[in-house]
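Chain by chain, the residues:
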Amino acid sequence: MLDLLNALAAVAAVTIALTLTSLDRPVAMLLGLTGSTTGSFLAWVSAPGAWEHSLLLPWAAAVVGTVAVVAGWSAVRAYSGLFGVPSPTDGAADDRELVPAER
């Protein structure tokens, strides 16, 4: 039971810390909850014996999971327009500047 409370405290603390330091608080809360819960779950599944005997493992797993989710979110946001179809007005002014003026 103490393990569960420690894990819940880690998830809550990491989520609150990320939310309070972010400019976009709803997204930070979502990323914090998702990352810390996923990190804690994966640590528990991969090493249940270490999970039971360590007070720091849930905290480290919550932080690592949150960092991974935030990094993935940042990468998706940075490259979201990279593979999109350009609109017809993108660069239209640039093309007109390259065409010689008609006389």
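Numbering of residues begins from 1 in every chain and follows the order in which that chain's sequence is written. With the structure being a predicted model, the display of local features is reserved for residues of pLDDT at least 70 and the display and counting of side-chain atom pairs for 80 or more, all residues being used for whole-chain, interface and lining totals. Water and hydrogen atoms play no part in the side-chain values, which are based on all heavy atoms of the structure.

### Considering helix α4 (residues 57–78)
Then, in step 1: Its 22 residues place the ends of α4 31 Å apart at the C-alpha level, agreeing with the 32 Å of an ideal helix rising 1.5 Å per residue.
Then, in step 2: A 1.4 Å probe rolled over the protein chains alone gives each residue an accessible area, and that area as a share of the maximum for its type sets the label: buried under 20%, exposed over 50%, partly exposed in between. Helix numbers and strand numbers start at the N terminus; a helix is a DSSP run of H or I with at least 4 residues, a strand a run of E with at least 2. Here α4 has its buried residues at P58, A61, A62, G65 and T66. Summarising the axial view, the buried residues of α4 lie within an arc of 125°, below the 170-degree limit, and thus occupy one face. Along α4, the residues that are exposed and aim more than 90 degrees away from the buried face are V64, V67 and A78.
Then, in step 3: In this structure, the buried residues of α4 make contact with α1 (2–20), α2 (25–46) and α3 (48–53). The span you would expect from a helix comes to 1.5 Å times its residue count less one. Read the arc as the range of directions from the helix axis to the C-beta atoms. In what follows, residue pairs with any heavy atoms lying within 4.5 Å of each other are defined as contacts.

### Remarks on a nonpolar patch on the surface
Then, in step 1: Candidate patch residues must exceed 30% relative accessible area and have no salt bridge, after which like charges are joined if within 9 Å and Val, Leu, Ile, Met, Phe, Trp or Tyr side chains if within 5 Å. Computed with the Shrake-Rupley method and a 1.4 Å probe, the accessible areas treat only the protein chains shown as cover for residues. The salt bridge definition used is simple: a Lys or Arg side-chain nitrogen within 4 Å of an Asp or Glu carboxyl oxygen. There is a patch of nonpolar side chains on the surface, built from M1, L4, L5 and L8 and spanning about 450 Å² of accessible area.
Then, in step 2: On the secondary structure map, M1 appears in the segment before α1.

Don't take any of this as a statement about function, it's just geometry.
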